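Commentary on secondary and tertiary structure
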Amino acid sequence: MQSSNIPFKMRQANPVRGQDASSGARQTNPIPNPTKPIPQSMQFAPGNLSDKELYSKCQYYGTAARMWRQKFIGLLPEVNRRRLYEKKGFNTIFEFAFKLCG
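All values derive from a computational prediction rather than experimental measurement.

Here we take up the overall build of the chain. The secondary structure content of the chain amounts to 4 helices and 0 strands. Counting from the amino terminus, helix and strand elements in the chain follow one another as α-α-α-α. Considering only residue pairs separated by 6 or more positions, the chain has 35% of its internal contacts joining residues 24 or more positions apart. With the model as given, the accessible surface of the chain reaches about 8,400 Å², and the carbon-plus-sulfur share is 57%.

Structure below.
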């Protein structure tokens, strides 16, 4: 009983969490590709989602948020070296990071 609104990759997955359907090998959560648009099935419409679809969105957006935060943190040493935070009107790099990333 597969729903047509669930992405193909999700329908083919093994019901055992974190395992590949073909090999049974353990997988890590995929990191979303920021250059690709979000698929229609992953766009935000929480009121019409099943629990499974809502959980899938939470996983997707949570992974994306962690990825972008890590990328931002990786830029901070260069921001500090160039003193870019001062050029942009921030008193400290901590203020810069807090206001831009939260």
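In contact at an axis separation of 11 Å, helix H2 (residues 51-82) and helix H4 (residues 93-101) are set at 150° when each is read in the N-to-C sense. Comparing the axis directions of H2 and H4 gives the class roughly antiparallel. The two elements H2 and H4 meet at a crossing, and its hand is right-handed. Residues Arg-69, Phe-72, Leu-76, Val-79 and Asn-80 of H2 form the contact with H4, whose own contacting residues are Ile-93, Phe-96, Ala-97, Leu-100 and Cys-101. Per-class residue counts for the contact of H2 with H4 are 8 nonpolar, 1 polar and 1 charged.

What follows covers the nonpolar core. In terms of nonpolar packing, the biggest core is built from 8 residues, these being Phe-72, Leu-76, Val-79, Tyr-85, Phe-90, Ile-93, Phe-96 and Ala-97. Residue assignment for this core shows that the elements contributing at least two residues are H2 and H4.

Criteria and thresholds
- Residues numbered from 1 in each chain as written.
- Predicted model: local features only at pLDDT ≥ 70, side-chain atom pairs only at ≥ 80, totals over all residues.
- Heavy atoms only, no water.
- Helix = DSSP H or I, 4+ residues; strand = E, 2+ residues; numbered from the N terminus.
- Contact = heavy atoms within 4.5 Å.
- Areas by Shrake-Rupley, 256 points an atom, 1.4 Å probe, with all protein chains shown as cover.
- Axes fitted to C-alpha atoms, helices over the stretch in contact; angles between N-to-C directions.
- Parallel < 35°, antiparallel > 145°, perpendicular 65-115°, else oblique.
- Left-handed = near helix turned anticlockwise from the far one by under 90°.
- Nonpolar A, V, L, I, M, F, W, Y, C, P; charged D, E, K, R; others polar.
- Core = buried A, V, L, I, M, F, W, Y, C linked by side-chain atoms within 4.5 Å.
- Buried < 20%, exposed > 50% of the residue type's maximum accessible area, 1.4 Å probe, protein only.

The values reported here are purely geometric and, on their own, carry no functional implication.
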